[in-house]
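# Examining the three-dimensional arrangement
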Amino acid sequence: RRSRRFADIGPGTICAMYFDALSFLEDERDAWRPFEALLAIPDDRFDLPVAAAHGWSARELLSHLAAYQSHCLDVARELAVGEQSPAHAAMEAAWSARGDAVNDELAAAWRALSPDEVRRRAATLPGELRGHLTVVPEARWVKHPVFGPFFEEELLDHYADHETDLQVILAAVG
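Residues numbered from 1 in each chain as written. Predicted model: local features only at pLDDT ≥ 70, side-chain atom pairs only at ≥ 80, totals over all residues. Heavy atoms only, no water.

### Re the overall build of the protein
Across its full length, the protein holds eight helices and two strands. When the helices and strands of the protein are read in sequence order from the N terminus, they spell out β-β-α-α-α-α-α-α-α-α. At 17 Å, the protein has a C-alpha radius of gyration in line with the 16 Å of a compact globule built from 174 residues. Across the 174 residues that make up the protein, the buried fraction comes to 44%. (Helix = DSSP H or I, 4+ residues; strand = E, 2+ residues; numbered from the N terminus. Rg over C-alpha atoms; globule rule 2.2 N^0.38 Å. Buried < 20%, exposed > 50% of the residue type's maximum accessible area, 1.4 Å probe, protein only.)

Written out as structure tokens, the structure reads:
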């Protein structure tokens, strides 16, 4: 259902962009909905590693995606009040410097949380993020040549990247 257009953002560079924020927000909501099943997994199976999902547990998958939703929320808060995002710049620099170690650091921080806190954050972050994005001018995110693709990659594409992990984990703990 993605309602996107292609935009020429410079010599030899074309990227897909959404026409409007509502289309993106609807697609993000629909893409996140299946992952909400992880919230209902009981504690006795929440930390069960699943070999076919890279050894991840329900907690680890939920934490991984929620950590990036949290990062997107930080970026959205900054774009709501200005045209730049220090949080985005800092994460880009971290990825350039440390690569996958960034994921390891995020995972360690989320592992320190109780299962209930992981669930609480994962249940509230998506709605809070969508709410903040509704107040960010479209030109600063959905139609922006950097931030439009950023939100699409960190949310929609990221969820799609982990759909198989979700199915395997749900089957294993079900």
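### Details of the packing of helix 1 (residues 21-32) against helix 7 (residues 147-161)
Between helix 1 and helix 7, the least distance of the axes is 8 Å, while the angle of their chain directions is 35 degrees. Helix 1 and helix 7 meet at a crossing whose hand is left-handed. On helix 7, the residues touching Phe 24, Asp 27, Glu 28, Ala 31 and Trp 32 of helix 1 are Phe 151, Glu 152, Leu 155, Leu 156 and Tyr 159. Among the residues making up the contact of helix 1 with helix 7, the classes are represented as seven nonpolar, no polar and three charged. (Axes fitted to C-alpha atoms, helices over the stretch in contact; angles between N-to-C directions. Left-handed = near helix turned anticlockwise from the far one by under 90°. Contact = heavy atoms within 4.5 Å. Nonpolar A, V, L, I, M, F, W, Y, C, P; charged D, E, K, R; others polar.)

### What to know about the confidence of the model for the protein
The share of residues in the protein with pLDDT of 70 or more is 90%, and the mean pLDDT across the chain is 92. Segment residues 1-9 is flagged for pLDDT under 50; beyond a separation of four residues in sequence, or across chains, it makes 36 contacts in the model. (pLDDT = per-residue confidence, 0-100.)

### Some words on the layout of surface pockets
Computed from the structure, the largest pocket encloses a volume of approximately 190 Å³. Taken together, 13 residues form the lining of the largest pocket, with Trp 56, Glu 60, His 64, Asn 103 and Ala 107 sitting closest to its centre. Contributions of two or more residues to the lining of the largest pocket are made by helix 3 (58-81) and helix 5 (101-111). Among the residues making up the lining of the largest pocket, the classes are represented as six nonpolar, three polar and four charged. (1 Å grid on protein atoms, 1.4 Å probe; cavity = no way out; pocket = protein on both sides within 12 Å on 5 of 7 lines; lining within 4 Å. Points joined across faces, edges and corners; volume = space filled by probe spheres on them.)

### Details of the packing of aromatic side chains
Counted according to the given criterion, the structure contains six aromatic pairs. Relative to Phe 151, the ring of Phe 150 lies with its centre 4.9 Å away and its plane at 70 degrees, an arrangement referred to as edge-to-face. Judged by its relative accessible area of 5%, Phe 150 is buried. Ring-pair connections join several aromatic residues into one group, and the members of that group are Phe 24, Trp 141, Phe 150 and Phe 151. For the cation-ring pair, Arg 121 lies above Trp 110, with the distance from its terminal atom to the ring centre recorded as 5.5 Å. (Phe/Tyr/Trp six-rings, centres within 6.5 Å; stacked < 30°, edge-to-face > 60°. Lys NZ or Arg CZ within 6 Å of the ring centre and 35° of its normal.)

### Looking at the pattern of salt bridges
Overall, the coordinates contain 13 salt bridges when judged by the stated rule. For Asp 47, the salt bridge goes to Arg 59, with nearest N and O atoms at 2.5 Å. Placement of the pair is Asp 47 in the loop between helix 2 (43-46) and helix 3 and Arg 59 in helix 3, with a sequence separation of twelve residues. Two residues, Arg 121 and Glu 117, come together in a salt bridge whose shortest N-O distance is 2.8 Å. Of this pair, Arg 121 and Glu 117 both sit in helix 6 (residues 115-133), four residues apart, roughly one helical turn. Within this structure, Asp 43, Asp 116 and Arg 119 form a network of salt bridges that share partners. (Salt bridge = Lys/Arg side-chain N within 4 Å of Asp/Glu carboxyl O.)

### Thoughts on the nonpolar core
Counting 43 residues, the largest nonpolar core has Phe 24, Phe 35, Leu 38, Trp 141 and Phe 151 as its most contacted members. Examining the composition of this core, we find that eleven residues originate from one element, helix 3, more than from any other. Filtering out sequence-adjacent residues up to four positions away, Phe 35 remains in contact with Leu 61, Leu 62, Leu 65, Tyr 159, His 162, Glu 163 and Leu 166. (Core = buried A, V, L, I, M, F, W, Y, C linked by side-chain atoms within 4.5 Å.)

### Structural notes on helix 3
Taking 1.5 Å of rise per residue, 24 residues should cover 34 Å, and helix 3 covers 35 Å from first to last C-alpha, within 8% of that figure. The buried fraction of helix 3 amounts to 17 of the 24 residues, a majority that puts the element mostly inside the structure. (Expected span 1.5 Å × (residues − 1).)

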